[in-house]
Amino acid sequence: MSFPIPFPGRENWPFMGLVLLACLLAFSWQGPLAASLVAVAGLLAHMVYFRDPPRAVPAQAGVVLSPADGRIVRIEKARDPYANRDALRISVFMSLFSLHGNRASVDGVIRQVEYIPGQLVNTDLDTASRHHERNAIVIESNGQLVTLVQVAGLIARRILCWVKPGDTLTRGQRYGLIRFGARVDVYLPPHAVPKVAPGDKVSATTTILATLNKA
């Protein structure tokens, strides 16, 4: 199964507006050649930073998919402060050049959305999960909870999330994005079985992070 993603998305219009403004300024100050160079540079930057290609969605039941492109930096037992439970946490670090969009890891209904403004610290550090700007959604999937936490990056503290409690998500569905590098913490039931290891590269939707076997 695959699904189309409009390009560019509405969330990227402010970026394109800045490119257009830069082109107009370059045209008025330096002429059409400079404006053309700015336009090409802006288009290339947009394609790199905001690309969001269609992804095949695995058909297996009871699996948790990666919410973003990146690499696994942490797999550990942790406390899920948003669902107030013990959990298995899998952290995906998104570099500056990783996919910026975030996609649902499981099918389910959103039970909670919580945004927390925070401090500017490295998303690779343990403190990032507690002190950085972040946005958490708690999803109930077949009676089990999966929490996805967007943690803003160093360059642009800008998290977008366009879902709300009561919304239904399907695996692979886009629900938000983080601009210019970030981290996504995935909190799973303690009995979840990891299918990745620290250092592994993962792809949004297509990589299976874990299985949700019954306790």
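Since we're looking at a predicted model, the values are computed, not measured. (Residues numbered from 1 in each chain as written. Predicted model: local features only at pLDDT ≥ 70, side-chain atom pairs only at ≥ 80, totals over all residues. Heavy atoms only, no water.)

**Notes on the sheet that holds strand 14 (residues 208–211)**
A sheet is described by the order of its strands in space; here three strands give the open sequence 1-14-12, paired in antiparallel fashion. Each of the sheet's edge strands pairs with one partner strand only, and the pair in question is strand 1 (63–65) and strand 12 (193–194). Looking at chain direction, strand 12 and strand 14 are connected through two bridges and run antiparallel. Bridging across to strand 14, Pro194 finds its partner in Ala210. (Pairing = 2+ DSSP bridges. Helix = DSSP H or I, 4+ residues; strand = E, 2+ residues; numbered from the N terminus.)

**A closer look at the sheet that holds strand 8 (residues 159–161)**
Backbone hydrogen bonds hold the strands of a sheet together, and the pairing may be parallel or antiparallel. Spatially, 4-10-8 is the arrangement adopted by the three strands of the open sheet, whose pairing is antiparallel. With one partner strand each, in any of the chains shown, strand 4 (101–103) and strand 8 form the two edges of the open sheet. If you compare each strand with its neighbour and ignore which way they point, the axes differ by 20° on average. (Axes fitted to C-alpha atoms, helices over the stretch in contact; angles between N-to-C directions.)

**As for the nonpolar core**
Counting 30 residues, the largest nonpolar core has Leu169, Val186 and Leu188 as the members making the most contacts within it. Within the residue set of this core, elements represented by two or more residues are strand 3 (85–94), strand 6 (134–141), strand 7 (144–151), strand 10 (174–178), strand 11 (182–188) and strand 14. Of all hydrophobic cores here, the second largest spans nine residues; its members include Ala78, Tyr82, Ile116 and Val138. (Core = buried A, V, L, I, M, F, W, Y, C linked by side-chain atoms within 4.5 Å. Buried < 20%, exposed > 50% of the residue type's maximum accessible area, 1.4 Å probe, protein only.)

**Here we look at the packing of aromatic side chains**
Evaluated as defined, the whole model comprises one aromatic pair. Centre to centre, the rings of Tyr82 and Tyr187 are 6.4 Å apart; their planes meet at 65°, and the pair counts as edge-to-face. Residue Tyr82 is found in the loop between strand 2 (70–80) and strand 3, and its partner Tyr187 is found in strand 11; the two are separated by 105 residues along the sequence. (Phe/Tyr/Trp six-rings, centres within 6.5 Å; stacked < 30°, edge-to-face > 60°.)

**Considerations on the confidence of the model for the chain**
Mean pLDDT over the chain works out to 80, with 66% of the residues at or above the 70 mark. Counting interchain partners and residues more than four positions distant, the pLDDT-below-50 stretch residues 1–8 has 19 contacts. (pLDDT = per-residue confidence, 0-100. Contact = heavy atoms within 4.5 Å.)

**Things to note about the pattern of salt bridges**
Applying the stated criterion to the full structure yields eight salt bridges. A salt bridge links Asp86 to Arg79; the nearest nitrogen and oxygen atoms lie 3.0 Å apart. Classification of Arg79 by relative accessible area gives partly exposed; the value is 43%. (Salt bridge = Lys/Arg side-chain N within 4 Å of Asp/Glu carboxyl O.)

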